[in-house]
Amino acid sequence: MSSIVVRDIDSESEYFVGTCSHVDDISDCLCRAEADASADARIERIRRLHPQGSRVKVAFAGEKPVGFLHVMPIEISPWGPLGSGLHTIPCLFVTPDAQHQGAGRALTDAAEREARKQGGKGLTTIGYFGDFWFMPASFFIAAGFQVAGQRKNTALLWKAWDATAVAPRFLEPQYTHQPIAGKVVIDLFWTVFCPTSAIEAQRVREIASEFGEKVVLSEYPADQPDVLQRYHIPRAIFVDGVEIGWGYEAPREGIENAIRDALQKE
């Protein structure tokens with residue numbers, strides 16, 4: 001494979017980043033139209049956050065994009081964690097055929113340079129231990145990050161270069177179900193930042209509408225800082241207070257069955 005070169009996102013790599021490049025591998029039922037719609041919204045969001053310090057770095061092998069990374073001030077991250085004065089990496093992805101070729105490390109090195117350039121005191125991210133394909137904690141530890149906290153297999157990681165830096169903190173979900181007599185209540189927490197979240201959010205809207213007045217849908221867009229700061233939940237679907245989820249995009253049949261089950265309990 002060609003040597004890895006990291007560049008800032010441009011018009012040629014926007015679609016690669018916008019679709020998260022790997023969405024087709026997440027779910028067999030993912031529709032290309034859904035992926036394209038979420039990509040358009042994500043790209044627009046990336047552009048709007050640029051003046052606030054958000055950056056996207058793209059790794060290339062030759063002229064082929066093989067990975068990307070988001071890095072941004074923690075204060076504007078729609079994904080958490082909590083903190084100040086740090087930059088966070090909410091998402092890093094390398095295509096399967098380019099893994100173990102240095103792309104991930106080149107991207108994290110680029111993120112550190114960007115954070116230092118902007119006056120950040122350190123980097124933080126969320127990683128996962130165990131057999132999980134996304135954001136492996138072991139990779140970040142090998143890249144010099146330390147564990148600031150851990151909840152089961154989820155690790156809060158950080159790497160500081162300023163002695164005054166304060167360790168980040170986990171989000172602390174603040175959610176209370178508010179029932180409505182005779183109705184199924186859906187509370188949808190979602191973000192444009194994550195294509196998986198945006199796609200399933202649209203599915204929830206469409207399916208909820210099919211049930212008419214039997215369902216009350218409330219949306220909480222985590223891209224709005226006040227929403228994330230109040231609820232500390234970037235992505236979740238609650239049906240009558242019970243969270244449903246599949247990891248990948250919530251399947252239409254699964255959403256519909258969850259609503260029908262809730263209706264039977266009314």
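Quick caveat, the model's predicted, so the values are computed rather than measured.

J.: Teacher, can you tell me more about the nonpolar core here?
T.: For soluble globular proteins, the rule of thumb is that nonpolar side chains tend to be buried together. Phe 68, Ile 89 and Leu 92 are the most contacted members of the largest nonpolar core, which has 43 residues in total. If you look at the next biggest cluster of nonpolar residues, it comprises 20 residues, including Ile 207, Ala 208, Phe 211 and Ile 255.

J.: How should the environment of Glu 112 be read in this particular structure?
T.: Tracing the sequence through the fold places Glu 112 in helix α4 (residues 103-117). Taking the C-alpha atoms as reference points, Glu 112 and Pro 65, separated by 47 residues in sequence, lie 20 Å from one another.

J.: Whenever I open this one, the pattern of salt bridges confuses me. Can you help?
T.: Side chains that differ in charge, positive against negative, can pair when their charged atoms come close. Inspection of the entire model under this criterion finds 18 salt bridges. A salt bridge links Arg 7 to Glu 63; the nearest nitrogen and oxygen atoms lie 3.3 Å apart. Residue Arg 7 is found in strand β1 (residues 4-8), and its partner Glu 63 is found in the loop between β2 (55-61) and β3 (64-73); the two are separated by 56 residues along the sequence. A residue is classified by how much of its surface remains accessible, and Arg 7, at 30% relative accessible area, is partly exposed. Classification of Glu 63 by relative accessible area gives exposed; the value is 65%. Glu 172 is the salt-bridge partner of Arg 151, the closest N and O atoms lying 2.4 Å from each other.

J.: I would appreciate a short explanation of unusual backbone geometry in the present structure.
T.: A negative phi holds for most residues other than glycine; trans holds for most peptide bonds. Omega for the bond connecting Gly 80 with Pro 81 falls within 30 degrees of zero, at 0°, which places this linkage in the cis form. Positive phi, normally seen in glycine, also occurs at Met 135, with a value near 50°. Following the sequence through the fold, Met 135 ends up in the loop between β5 (122-128) and α5 (137-142). With a phi angle near 60°, His 232 is a residue other than glycine that sits in the positive phi range. If you trace the backbone, His 232 turns up in the loop between α7 (225-231) and β10 (236-239).

J.: I'm lost on the packing of helix α6 (residues 195-210) against helix α8 (residues 252-265) in this one. Help?
T.: With their axes 10 Å apart at the nearest point, α6 and α8 run at an angle of 45° to one another. Relative to α8, the element α6 is oriented oblique. When the axes of α6 and α8 are compared, the crossing they make is right-handed. Each of Glu 200, Arg 203, Val 204, Glu 206, Ile 207 and Ala 208 in α6 lies in contact with α8, whose residues at this interface are Arg 252, Ile 255, Glu 256 and Ile 259. Along the lines of polarity and charge, the residues of the contact of α6 with α8 split into five nonpolar, no polar and five charged.

Cut-offs and rules
Residues numbered from 1 in each chain as written. Predicted model: local features only at pLDDT ≥ 70, side-chain atom pairs only at ≥ 80, totals over all residues. Heavy atoms only, no water. Core = buried A, V, L, I, M, F, W, Y, C linked by side-chain atoms within 4.5 Å. Buried < 20%, exposed > 50% of the residue type's maximum accessible area, 1.4 Å probe, protein only. Helix = DSSP H or I, 4+ residues; strand = E, 2+ residues; numbered from the N terminus. Salt bridge = Lys/Arg side-chain N within 4 Å of Asp/Glu carboxyl O. Axes fitted to C-alpha atoms, helices over the stretch in contact; angles between N-to-C directions. Parallel < 35°, antiparallel > 145°, perpendicular 65-115°, else oblique. Left-handed = near helix turned anticlockwise from the far one by under 90°. Contact = heavy atoms within 4.5 Å. Nonpolar A, V, L, I, M, F, W, Y, C, P; charged D, E, K, R; others polar.

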